[in-house]
Amino acid sequence: MSTDIAEKSEVTSAPTFEEAIAFVWAEADLLDRLDYRPWLKLWTDSGKYIVPVERDVDYVDALNIVYDDQEMREARVKRLLSGFSMSSAPPARTVRTVSRFVVTEQDERSITLRGAQMLAEYKYQHMRFLPADISYRIVRGPDGNLLLDEKIVTLINAEDFQFGIGYLL
Amino acid sequence: METTTIDGAVVSDYADLVRDDRGHTSLYKDAKIFDEEMQRIFRNTWVWVAHASDVPTKNTFKTSWVGDQPVIVTRDKAGQVHVLLNRCRHRAASVCEKKKGKASVFVCPYHGWSYDVDGKLRKVPHAKGYEEGFDTADYPLVSLRVEEYNGLIFATFKQDIEPLEEFLGAARKWIDLFMKQGAGFGVKTLGEHKFRFPGNWKIQLENTTDAYHFPIVHKTFLDSLDEETENVFDVLGQGGWVEDLGNGHSVMVMIPDLIDLDDNLDAPIPDRFADLARELAEEGHCDADVRRIVRAVGGTGFNLNLFPNVACSMAFFRVLRPVSVDETEITHVAIGMDGGPVAGNRARLRLHEHFQGPMGFGTPDDAEGWERVQRGAQAGDDLWILLNRGVDAPEGVAEPGHNAGDVSAETGMRAAYQMWKRMMAA
Ligand code: FES
Ligand SMILES: [Fe+2]
């Protein structure tokens, strides 16, 4: 992914805006291709993958659509790839773009981006559109690679109804 | 009714569409039947609208539905709950579009008529434009009859209906058992997952008493559990049963050990709750409290299906709302302990997220299955939906280990459809 860029700069430095965007795009590409196993390796050990129901709450004490640590991410990926989950086998096709990036926080170790995700989903003659606000906290791992430390996908209609979502946002 | 035929003969009574062991395919897809259901069922019985903790204090409210009718559930200064049609008496604008909140008055945004939380029309702006005989007392928000049982709030359009307690009948015992998840603190709603599927509401009504699908549809959920927990969720293998409770209600016991959460408190704490038990002990809870809380956090082992729109399902409320003949909205309400330990409620939230909701390990597969039913029902207009699995227990009463009315019997579905038939018959 961003390894070669990282090798050229200080491996201990915070990810740059450009590096972070390249990382996010590569992640989006993995997800649309259902390439979930490498996706699991993009995370810090304590990283949290969150799809909230409500905005502006303390997610740990609220009901979320997803609140995954590494163990739950692994279980989720296993499920989605197992072929035994009716909602993900056959899978929906998705096409997503992520853009409108701004840096919301930056320190010596991490960069936090806020962006917009536009995702179209297609299955059984249904086309659905799932826009979301999205935020990524990205850190540089020990070997210079970038890692996700937190990803929050807030669907535009998070507190309203969804249809079943048989893939990763 | 003109359109539905059975074996080429035009059906003259909806009752003909339900037999003791089957229901007709048109029940899923005839829009006229759906419209009649909204009238004959949803305007004629007790319909669940809220849990008491959704409107915890005076002047709190929540918007909800009675069938296809939007309502506001309010609590007044005296603590009394009201269920009001969300429709201004002037020219029909909805008076509240928030999901929940606090309000001591509802002001219609169109011309400013204002209503008290009990529905009384308080004031109309520029009142002198009305003729002298105009009396605000004639135009309150339409108020439904409301009753509550153990925190479950129901409303009805039918003013002369039997009392709620009578309607619930034998289901009350199971509601009381279910509410033991409050672990002595009382039950509180913690949040909601909402999702829809393109299919008829009765497909979901059936599913709450369908243990038969569990090991197949939820294989990937079971695979995500540790071995001990997976054994707990072996729902077909523990001598459970399904019982018709009358009035369309039924209970499906999947894990007999988890019927009464006050029982077996001396049993070893399951591994998956070891961290929680330690955390609670460190917070200073005595051993007996830790055991009670941990057992409550794990939830019950049964689904109580209350006709027509709510289930107390293991550890949450499952609420259905018919949207159209082929679309249904479902709300899974997470519940926890009201004022109980934060760690316990956190554990409840994570357990709920694991199975429920649009990205849970269970719900999307259920929703997909229900959608497939609706899609499949497009074929075979003259065919029937089979509800004949299992035999009824003698006298309608089953006991743990009883060899009849086993957990995968379609007894609960038959109960619901018999109630449907009673209410829909000409
Ligand atoms: S419609 Fe409500 S005040 Fe006119
Ligand atoms: Fe299910």
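Residues numbered from 1 in each chain as written. Chains lettered and ligands numbered in written order. Predicted model: local features only at pLDDT ≥ 70, side-chain atom pairs only at ≥ 80, totals over all residues. Heavy atoms only, no water.

Engineer: Help me get a handle on the overall build of chain A, residues and values and all.
Structural biologist: Within chain A, the regular secondary structure consists of four helices and eight strands. Seen in sequence order, chain A has helices and strands lined up from the N terminus as α-α-α-β-β-α-β-β-β-β-β-β. Taken over C-alpha atoms, the radius of gyration comes to 16 Å for chain A, in line with the 15 Å a tight globule of 169 residues would show. Counting only C-alpha atoms, chain A reaches 50 × 35 × 30 Å along its principal axes. For chain A, buried positions account for 54% of its 169 residues. Pairs at least 24 apart in sequence give 59% of the contacts found in chain A among residues at least 6 apart. Carbon and sulfur atoms make up 54% of the accessible area of chain A, which amounts to about 8,000 Å² in all. On chain A, the mean spot of the 20 positive side-chain charges and the mean spot of the 28 negative ones are 7 Å from each other. (Helix = DSSP H or I, 4+ residues; strand = E, 2+ residues; numbered from the N terminus. Rg over C-alpha atoms; globule rule 2.2 N^0.38 Å. Buried < 20%, exposed > 50% of the residue type's maximum accessible area, 1.4 Å probe, protein only. Contact = heavy atoms within 4.5 Å. Areas by Shrake-Rupley, 256 points an atom, 1.4 Å probe, with all protein chains shown as cover. Lys, Arg positive; Asp, Glu negative; His and termini not counted. Charge placed at Lys NZ, Arg CZ, Asp CG, Glu CD.)

Engineer: Can you break down the overall build of chain B residue by residue, with the values?
Structural biologist: Counting its regular elements, chain B contains 13 helices and 22 strands. Considered along the principal axes of its C-alpha atoms, chain B spans approximately 75 × 70 × 40 Å. A burial count over chain B gives 56% of its 426 residues as buried. Of the roughly 17,300 Å² that chain B leaves accessible, carbon and sulfur atoms contribute 49%. Computed over 47 positive and 66 negative side-chain charges, the separation of the two mean positions in chain B equals 7 Å.

Engineer: How would you summarise the sheet that holds strand β8 (residues 81-85) of chain B if you had to cite specific residues and measurements?
Structural biologist: Adjacent strands of a sheet form backbone hydrogen bonds with each other and so pair up, either parallel or antiparallel. Residue and element names in this part refer to chain B. One open sheet accounts for seven strands, arranged β5-β14-β13-β8-β7-β6-β9; its pairing is antiparallel. The two strands at the open ends of the sheet, each matched to only one other strand, are β5 (47-51) and β9 (100-102). The mean inter-strand angle of the sheet, taken between neighbouring strand axes irrespective of direction, is 30°. As defined by bridge partners, strand β6 (residues 60-66) adjoins strand β7 (residues 69-75) across six bridges and the pair is classed as antiparallel. Each bridged residue has a counterpart across the sheet, and for W65 the counterpart in β7 is P70. (Pairing = 2+ DSSP bridges. Axes fitted to C-alpha atoms, helices over the stretch in contact; angles between N-to-C directions.)

Engineer: Run through the coordination of the iron ion (ligand 2), naming residues and quoting values.
Structural biologist: Residues and elements named next belong to chain B. Protein-derived ligands of the iron ion (ligand 2) are H213 (NE2), H218 (NE2), D366 (OD) and D366 (OD), with the metal-ligand distances lying across 2.0 to 2.5 Å. Angles of 57 to 152° at the metal separate the four donor atoms of the iron ion (ligand 2), which places the site in the irregular class. Within one chain, the residues donating to the iron ion (ligand 2) are spaced in sequence as H-x4-H-x147-D. On the accessibility criterion, H213 (15% relative accessible area) is buried. (Donors = N, O, S within 2.8 Å, 3.2 Å for Na, K, Ca; no water. Tetrahedral: all angles 85-135°; square planar, octahedral: opposite > 155°, others 65-115°.)

Engineer: Describe the confidence of the model for chain B, listing the residues and the values that go with them.
Structural biologist: For chain B, mean pLDDT is 93; residues scoring 70 or higher make up 96% of the total. The ipTM, which scores confidence in the relative placement of chains, is 0.92 for this predicted complex, and the corresponding pTM is 0.94. (pLDDT = per-residue confidence, 0-100.)

Engineer: Got a sec to walk through the domain arrangement of chain B? Specific residues and values, please.
Structural biologist: Residues and elements named next belong to chain B. Each assigned domain of chain B is listed here: domain 1 (47-156) and domain 2 (171-424). Listed as interface residues are 13 residues of domain 1 and, on the opposing side, 17 residues of domain 2. Carbon and sulfur atoms make up 66% of the surface buried where domain 1 meets domain 2, a total of about 1,300 Å² over both sides. Summed over the three residues of domain 1 that lose the most area to domain 2, namely W48, Y149 and L152, the buried surface amounts to 39% of that side. Connecting domain 1 to domain 2 are five residue pairs in polar contact (both at pLDDT 80 or more). Those elements that provide at least two residues to the side of domain 1 that touches domain 2 are β5, β6 and β14 (152-156). The element best represented in the side of domain 1 that touches domain 2 is β5, accounting for three residues. (Domains from an automatic or database assignment. Buried area = accessible area lost by both parts, 1.4 Å probe. Polar contact = N/O pair within 3.5 Å; in protein donor to acceptor, adjacent residues only side chain to side chain.)

Engineer: Residue-level account of the pairing of strand β3 (residues 93-106) of chain A, with values.
Structural biologist: Residues and elements named next belong to chain A. As judged from the eleven bridges shared by β3 and strand β4 (residues 110-123), these two strands associate in the antiparallel manner. Counterpart to Q106 in the pairing with β4 is I111. Where β3 folds back on β4, the antiparallel hairpin that results is connected by three residues.

Engineer: Can you break down the packing of aromatic side chains residue by residue, with the values?
Structural biologist: Counting across every chain of the model gives 21 aromatic pairs over all chains. Considering the side-chain rings of B:F195 and B:W370, the 6.4 Å spacing of their centres and the 25° angle between planes classify their relative orientation as stacked. Residue B:F195 is found in strand β15 (residues 187-197), and its partner B:W370 is found in helix α12 (residues 363-376); the two are separated by 175 residues along the sequence. The rings of B:W48, B:W174, B:F178, B:F302 and B:F317 are connected pair by pair, giving a single aromatic cluster. Above the ring of A:Y124, the side-chain terminus of B:R375 is found at 4.7 Å from the ring centroid. (Phe/Tyr/Trp six-rings, centres within 6.5 Å; stacked < 30°, edge-to-face > 60°. Lys NZ or Arg CZ within 6 Å of the ring centre and 35° of its normal.)

Engineer: Tell me about the packing of helix α9 (residues 274-282) of chain B against helix α10 (residues 287-297) of chain B, and please be specific about residues and values.
Structural biologist: Residues and elements named next belong to chain B. The interhelical angle for the contact between α9 and α10, taken along N-to-C directions, is 140°, at an axis separation of 10 Å. Relative to α10, α9 is oriented oblique. Here the hand of the crossing between α9 and α10 comes out right-handed. Contacts from L276, A277, L280 and A281 in α9 reach V290, I293, V294 and V297 in α10. The residue inventory of the contact of α9 with α10, partitioned by class, reads eight nonpolar, no polar and no charged. (Parallel < 35°, antiparallel > 145°, perpendicular 65-115°, else oblique. Left-handed = near helix turned anticlockwise from the far one by under 90°. Nonpolar A, V, L, I, M, F, W, Y, C, P; charged D, E, K, R; others polar.)

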